[in-house]
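One letter stands for each residue in the lines below.
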Amino acid sequence: MALATINAGAALLFNPFKLEKISDRYPRIVQDAVVVGSFVLIATAVAPNRLLAASAISGLVLGLALQDTLGNLFAGLAIQVEKPFGVGDWIKAGDYEGRVAEVTWRATKMRAKSGKFVVIPNSLVSKDIVVNYSKPSPVQRMSFSIGLDYDVPPNQVKQIALETSAAIPSILKEPAPDVLLTQFGDSSINYSCRFWIDDFARSDPIIDEFATLLYYRLKRAGLNIPFPIHDVRIMHSPAQDPTSADGSRLAFVEKAGLFQNLDMTDKQAIAKILHPVMFAAGESIIRQADAGDSMFFIKCGTVKVVLESSGERHEVTRLGEGDFFGEMALLTGEPRSATIVACCDVEAYVLRKEPFREVLQQNPAIAEKISETIVRRKAMLQQQASQITTIGIRIEAEEQRNFLVRIQRFFGLG
Ligand code: CMP
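Cut-offs applied
Residues numbered from 1 in each chain as written. Predicted model: local features only at pLDDT ≥ 70, side-chain atom pairs only at ≥ 80, totals over all residues. Heavy atoms only, no water. Axes fitted to C-alpha atoms, helices over the stretch in contact; angles between N-to-C directions. Helix = DSSP H or I, 4+ residues; strand = E, 2+ residues; numbered from the N terminus. Parallel < 35°, antiparallel > 145°, perpendicular 65-115°, else oblique. Left-handed = near helix turned anticlockwise from the far one by under 90°. Contact = heavy atoms within 4.5 Å. Nonpolar A, V, L, I, M, F, W, Y, C, P; charged D, E, K, R; others polar. Salt bridge = Lys/Arg side-chain N within 4 Å of Asp/Glu carboxyl O. Buried < 20%, exposed > 50% of the residue type's maximum accessible area, 1.4 Å probe, protein only. Near = heavy atom within 4 Å. Polar contact = N/O pair within 3.5 Å; in protein donor to acceptor, adjacent residues only side chain to side chain. Areas by Shrake-Rupley, 256 points an atom, 1.4 Å probe, with all protein chains shown as cover. Phe/Tyr/Trp six-rings, centres within 6.5 Å; stacked < 30°, edge-to-face > 60°. Pairing = 2+ DSSP bridges. 1 Å grid on protein atoms, 1.4 Å probe; cavity = no way out; pocket = protein on both sides within 12 Å on 5 of 7 lines; lining within 4 Å. Points joined across faces, edges and corners; volume = space filled by probe spheres on them.

Where helix 6 (residues 154–166) contacts helix 7 (residues 203–220), the two axes come as close as 9 Å, and the packing angle between them is 135 degrees. Compared by their axis directions, helix 6 and helix 7 come out oblique. Crossing angle aside, the handedness with which helix 6 passes helix 7 is right-handed. Across the interface between the two elements, Ile160, Ala161, Glu163, Thr164 and Ser165 of helix 6 pack against Phe210, Leu213, Leu214, Arg217 and Leu218 of helix 7. When grouped by side-chain class, the residues that make up the contact of helix 6 with helix 7 number six nonpolar, two polar and two charged.

A word on the pattern of salt bridges. Tallying each qualifying case throughout the model produces 10 salt bridges. The residue Arg220 makes a salt bridge to Glu283 at a minimum N-O spacing of 2.6 Å. Here Arg220, found in helix 7, pairs with Glu283, found in the loop between strand 9 (274–279) and strand 10 (284–286); they are 63 residues apart in sequence, far enough to count as distant. When the shortest N-O distance is used, the salt bridge between Arg357 and Glu354 registers 3.3 Å. In this pair, Arg357 and Glu354 both sit in helix 11 (residues 353–362), three residues apart, roughly one turn of the helix. For Glu354, a relative accessible area of 44% puts it in the partly exposed group.

On to the site of the ligand, then. The environment of the ligand is formed by 17 residues, the closest being Gly326, Glu327, Ala329, Arg336 and Ser337. One of the side-chain N or O atoms of Arg336 is found 2.9 Å from an oxygen atom in the ligand. For the ligand, whose free accessible area comes to 450 Å², the fraction covered by protein is 100%. Listing elements by their share of the shell around the ligand, those giving two or more residues are strand 13 (312–319), helix 10 (327–332) and helix 12 (365–386). Its residues assigned to classes, the shell around the ligand shows 10 nonpolar, four polar and three charged.

Bringing the packing of aromatic side chains into the picture now. Inspection of the entire model under this criterion finds 14 aromatic pairs. With centroids separated by 4.9 Å and ring planes inclined at 45 degrees, the aromatic side chains of Phe195 and Phe210 adopt a geometry described as tilted. A residue pair is termed long-range when its members are at least 10 positions apart, and Phe195 in strand 8 (residues 189–197) and Phe210 in helix 7 qualify at 15 residues. Comparing Phe195 with Phe210, the two get one shared label, buried. Ring geometry for Phe410 and Phe411: centres 5.4 Å apart, planes at 85 degrees, overall edge-to-face. By relative accessible area, Phe411 is classed as buried at 0%.

Let us look at the pairing of strand 13. As judged from the seven bridges shared by strand 12 (residues 303–309) and strand 13, these two strands associate in the antiparallel manner. The residue of strand 13 that forms the bridge with Val306 is Glu315. The loop that links strand 12 with its antiparallel partner strand 13 comprises two residues; one of these, Ser310, has a positive phi angle of about 40 degrees.

Bringing the layout of surface pockets into the picture now. One number sums up the size of the largest pocket: a volume of about 880 Å³. Around the largest pocket, the lining comprises 33 residues; the ones closest to its centre are Arg217, Arg220, Phe279, Glu283 and Ser284. Those elements that place two or more of their residues in the lining of the largest pocket are helix 6, helix 7, strand 9, strand 10, strand 11 (294–300) and strand 16 (346–352). Of the residues forming the lining of the largest pocket, the biggest block, six residues, is contributed by helix 7.

Okay, the sheet that holds strand 15 (residues 339–342) next. Pairing is antiparallel in the open sheet, where four strands are placed in the order 10-15-12-13. Each end of this open sheet is capped by a strand with a single partner; those strands are strand 10 and strand 13. Within the sheet, the average angular offset between the axes of one strand and its neighbour, ignoring direction, is 35 degrees.

Glancing now at the environment of Ala221. As for its placement among the helices and strands, Ala221 is situated in the loop between helix 7 and helix 8 (247–255). With a relative accessible area of 35%, Ala221 lands in the partly exposed category. Separated by 56 residues in the primary sequence, Ala221 and Val277 have C-alpha atoms spaced 8.1 Å apart. If we skip the residues at most four places from it in the chain, Ala221 touches Gln156 and Ile160.

Given below as structure tokens:
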């Protein structure tokens, strides 16, 4: 009867509305401890002689047998009182990381990122160092280490790494990411790229996204990640003139539709100023409304052309090997008229304004020859775009006639 009364009292005290859910402040382990403690107190008061006589021998036996269980029980109670973590928190206890599913009499149970269910005895949890990733705030700093060649200026590395963090939506803008030079290593200068996230469950994919994008951005900037070299090899390779057109670039220019009207000398001049670049699948190569001073020729891969209008995105078309894009902003100085997104890893050649201006100034007839092809393509693009949205590339007849004049004016060709 005493036990029943205490149980009823505890239920009313901790769960007055008889909800199914166990209260967060008073989990099952606390309720049970109160019930058992109260019962022992009442039993001692009502029948002290019987209880003490029986407990003299059995207490010793039970105490030895339940040593571990009692250790876990009291550790579990200590965890409840101190509350270093609660159900649903991401924690690290000892070598194990996971989201706390339950704290029982005997153990703390959590689900690891790998899906494994980890059960750690409470006595171990209370002895170990516990790291709570969810409290007081879920905002966490992650870091990723990378080594770059000694020839690469640290500020360039820092800029690329910061731009990479800024391009990943899951990385918080505030607190701001930073990049620290941490070590002059054996074969590289080492950096720690640090950024903040608020979803610890996704920390591994976010670090992967950062590292993958950083690789492509470093590659595009012509920066290689060195690997440790222990032996010294002297290699004789023919000196390379970075501006000399290799055979593959010239072959590409010869095939490209845009340059079909040019003669061989012009094609060679263009091939010399093309630079290979790589883009990661899903990366925005060009963003609508941005300023731009480069155009791209697809060497391999596919991109999609996306028009953005009143917050909606429409895919207009896809471009593949041999196609070009970005010519509008390069040739006229207008803002980018569409967003171009890589559908897969894309290898391309980039043609930048300054070297192109030098080539055009030496041979102004090139502008005339390529403008014909571009105006023809613009008309085709306009037709596609008008079927989808009212914005995009609009070419009035007047604008078409003046296109060459605009290019000449923009490049100062007189
Ligand atoms: P630019 O305006 O410099 O940058 C975006 C590029 O997308 C643009 O140059 C064209 O090369 C390309 N583009 C814009 N609209 C279309 C379209 N409708 N179809 C194919 N390509 C387009």
